Amino acid sequence: MEVKKLKLGNVNYLLHISILISFFCSITASVALISRHLNTNAANFSNLKAPTIQLSSPVQKVSLKNGELPVPDEIVGAFSVDSSKTLLLGHSSTVFHNLHRIKIGESIEYNHLAYRVTKIVTSKKSNINMGSILSPAKLPTLVLMTCAGKPLNDNQDYSHRLIVTAQLNQSI
């Protein structure tokens, strides 16, 4: 009788261990899945900084939808058709609210690389040539764009665009 209890106790003990192992394996698998998801999402985001205008924002890749580039509400959107140039889009009412204060020669950091502002232009929206803005560059280049000018009738858009161009300076 004593032996049977011991065997039954061992079976219960092994059953409990098996359940615990299964539980911890499922937790480990869940943690691995969550970690992979976080790492994948982190890889989709870069960071943009311009200390002189207190700009620091995650950057999310965006793609064309019905011929338009959607701009994220609170962070910067990135679009590129060539590895030498990245278009960074942001709302002038949120993330790029101080972009109009940046000056030629100031530093912008993107993906741990330093860029120097080389050109600042405000253009009428109807005069903007996106082909030119997105065309390949000799040096790695950032083009930051946001709304400027007067609100249009629907108050959802503006008459002009502020366009800031910056070229690669050095690694940080």
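These numbers come from a predicted model, not from an experiment.

Caption draft 1: Quick look at the side chain of Asp-157. Relative to the helices and strands, Asp-157 resides in the loop between strand S7 (141-151) and strand S8 (158-171). A residue is classified by how much of its surface remains accessible, and Asp-157, at 13% relative accessible area, is buried. In this structure the side chain of Asp-157 is engaged in a polar contact, spanning 2.7 Å, whose partner is the side chain of Arg-161. Once residues lying within four places of it in the same chain are set aside, the contact partners of Asp-157 are Lys-125, Cys-147, Lys-150, Pro-151 and Leu-152.

Caption draft 2: Looking closely at the pairing of strand S6 (residues 113-124). Pairing between strand S5 (residues 107-110) and S6: four bridges, direction antiparallel. Note on S6: the bridge partner recorded for Glu-109 is Ala-114. Turn length for the S5-S6 hairpin, with the two strands adjacent in sequence and antiparallel, is two residues, and the turn residue Asn-111 shows positive phi of about 55°.

Caption draft 3: Structural context of the side chain of Thr-141. Turning to its location among the elements, Thr-141 is positioned in strand S7. Thr-141 sits in the buried class, given a relative accessible area of 5%. Not counting chain neighbours up to four residues away, the residues in contact with Thr-141 comprise Ser-84, Lys-85, Thr-86, Tyr-115, Thr-165, Ala-166 and Gln-167.

Caption draft 4: Focus on the confidence of the model for the protein chain. Across the protein chain, the average pLDDT comes to 80, with 72% of residues at or above 70. Confidence drops under a pLDDT of 50 for residues 1-43, and excluding neighbours within four residues, the segment shows zero contacts in the predicted structure.

Caption draft 5: Representation of the pairing of strand S4 (residues 85-89) within the structure. Among the five residues in S4, five count as buried, and that is most of the element. Of the two faces of S4, the one holding Lys-85, Leu-87 and Leu-89 and the one holding Thr-86 and Leu-88 are both buried throughout. Sheet analysis places strand S3 (residues 76-82) next to S4, joined by four bridges and oriented antiparallel. What sits directly across from Phe-79, in S4, is Leu-87.

Caption draft 6: Expanded view of the nonpolar core. Counting residues in hydrophobic clusters, the biggest one holds 22 residues, and the most contacted among them are Leu-48, Leu-88, Ile-108 and Leu-144. For this core, the secondary-structure elements that each account for two or more residues are strand S1 (45-50), strand S2 (55-61), S3, S5, S6, S7 and S8. By size, the runner-up hydrophobic cluster in this structure holds nine residues, among which are Phe-79, Leu-87, Leu-89 and Val-143.

Caption draft 7: Expanded view of the pattern of salt bridges. Under the defined criterion, the tally for this structure stands at two salt bridges. Notably, a salt bridge pairs Lys-125 with Asp-157, separated by 2.3 Å at the nearest N-O pair. Placement of the pair is Lys-125 in the loop between S6 and helix H2 (130-134) and Asp-157 in the loop between S7 and S8, with a sequence separation of 32 residues. Since its relative accessible area comes to 36%, Lys-125 is described here as partly exposed. For Asp-157, the salt bridge goes to Arg-161, with nearest N and O atoms at 2.7 Å. Accessibility classification places Asp-157 together with Arg-161 in one group, the buried group. Three or more residues are tied together by salt bridges with common partners; here these are Lys-125, Asp-157 and Arg-161.

What counts and how
Residues numbered from 1 in each chain as written. Predicted model: local features only at pLDDT ≥ 70, side-chain atom pairs only at ≥ 80, totals over all residues. Heavy atoms only, no water. Helix = DSSP H or I, 4+ residues; strand = E, 2+ residues; numbered from the N terminus. Buried < 20%, exposed > 50% of the residue type's maximum accessible area, 1.4 Å probe, protein only. Polar contact = N/O pair within 3.5 Å; in protein donor to acceptor, adjacent residues only side chain to side chain. Contact = heavy atoms within 4.5 Å. Pairing = 2+ DSSP bridges. pLDDT = per-residue confidence, 0-100. Core = buried A, V, L, I, M, F, W, Y, C linked by side-chain atoms within 4.5 Å. Salt bridge = Lys/Arg side-chain N within 4 Å of Asp/Glu carboxyl O.

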